[in-house]
Amino acid sequence: MGRVCEICGKGHVIGNHVTTRGRAKYLKGVGTKVTGITRRLFRPNLQNVRVTTENGSTKTIRVCTQCMRCGAVTKKIHTLPFKLSEK
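Described below are features of the structure shown in this document.

Thresholds applied
- Residues numbered from 1 in each chain as written.
- Predicted model: local features only at pLDDT ≥ 70, side-chain atom pairs only at ≥ 80, totals over all residues.
- Heavy atoms only, no water.
- Pairing = 2+ DSSP bridges.
- Helix = DSSP H or I, 4+ residues; strand = E, 2+ residues; numbered from the N terminus.
- Phe/Tyr/Trp six-rings, centres within 6.5 Å; stacked < 30°, edge-to-face > 60°.
- Lys NZ or Arg CZ within 6 Å of the ring centre and 35° of its normal.
- Patch = residues over 30% accessible without salt bridge, like charges linked within 9 Å, V, L, I, M, F, W, Y side chains within 5 Å.
- Areas by Shrake-Rupley, 256 points an atom, 1.4 Å probe, with all protein chains shown as cover.
- Salt bridge = Lys/Arg side-chain N within 4 Å of Asp/Glu carboxyl O.
- Lys, Arg positive; Asp, Glu negative; His and termini not counted.
- Charge placed at Lys NZ, Arg CZ, Asp CG, Glu CD.
- Core = buried A, V, L, I, M, F, W, Y, C linked by side-chain atoms within 4.5 Å.
- Buried < 20%, exposed > 50% of the residue type's maximum accessible area, 1.4 Å probe, protein only.
- Contact = heavy atoms within 4.5 Å.

## Some points on the pairing of strand β4 (residues 58–64)
Point 1. Inspection of the sheet shows strand β3 (residues 46–52) paired to β4 by seven bridges, in the antiparallel sense. Counterpart to Leu46 in the pairing with β4 is Cys64.
Point 2. Between β3 and β4, which pair antiparallel and follow one another directly, the connecting turn spans five residues, one of which, Gly56, has a positive phi of 100°.

Here is the structure:
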């Protein structure tokens with residue numbers, strides 16, 4: 001799978017790239033003019049994250065940042081370094 005979130009399925013969205021020239025009217029110009037419109041892609045912010053599955057193993061998946069912020073994934077559990085035993 002390409003650049004798609006594996007949790008919510010968010011992918012790229014097609015939009016316009018608008019090119020303008022000229023000086024704005026509030027800056028004592030005659031106004032800006034549109035000189036070109038081309039198509040472009042709005043890509044999602046995807047991150048590779050190591051998550052823990054239900055059986056306790058780890059897996060690397062590609063997740064968008066909104067899914068990471070809302071808590072849709074649980075990251076890999078790291079053990080604390082230099083942790084002494086309870087004895």
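Read on, since the account is not over.
## Remarks on unusual backbone geometry
Point 1. Phi angles above zero are rare outside glycine, and Lys28 is one such case at about 70°.
Point 2. With respect to the helices, strands and loops of the structure, Lys28 is situated in the loop between β1 (13–21) and β2 (33–42).

## Focus on the packing of aromatic side chains
Point 1. The full count for this structure, using the stated rule, is zero aromatic pairs.
Point 2. In this arrangement the basic side chain of Arg40 is found over the ring face of Phe42, its NZ or CZ atom lying 3.8 Å from the centre.

## A word on a positive patch on the surface
Point 1. On the surface, Arg3, Arg40, Arg43 and Arg62 cluster together into a patch of positive charge.
Point 2. If you trace the backbone, Arg62 turns up in strand β4.

## Re the nonpolar core
Point 1. Counting residues in hydrophobic clusters, the biggest one holds nine residues: Cys5, Leu46, Val49, Val51, Ile61, Val63, Cys64, Cys67 and Val73.
Point 2. Sorting the residues of this core by element identifies β3 and β4 as the ones contributing at least two each.
Point 3. Residues contacting Val73, with those up to four places away along its chain left out, are Ile7, Val51, Ile61, Val63, Cys67 and Met68.

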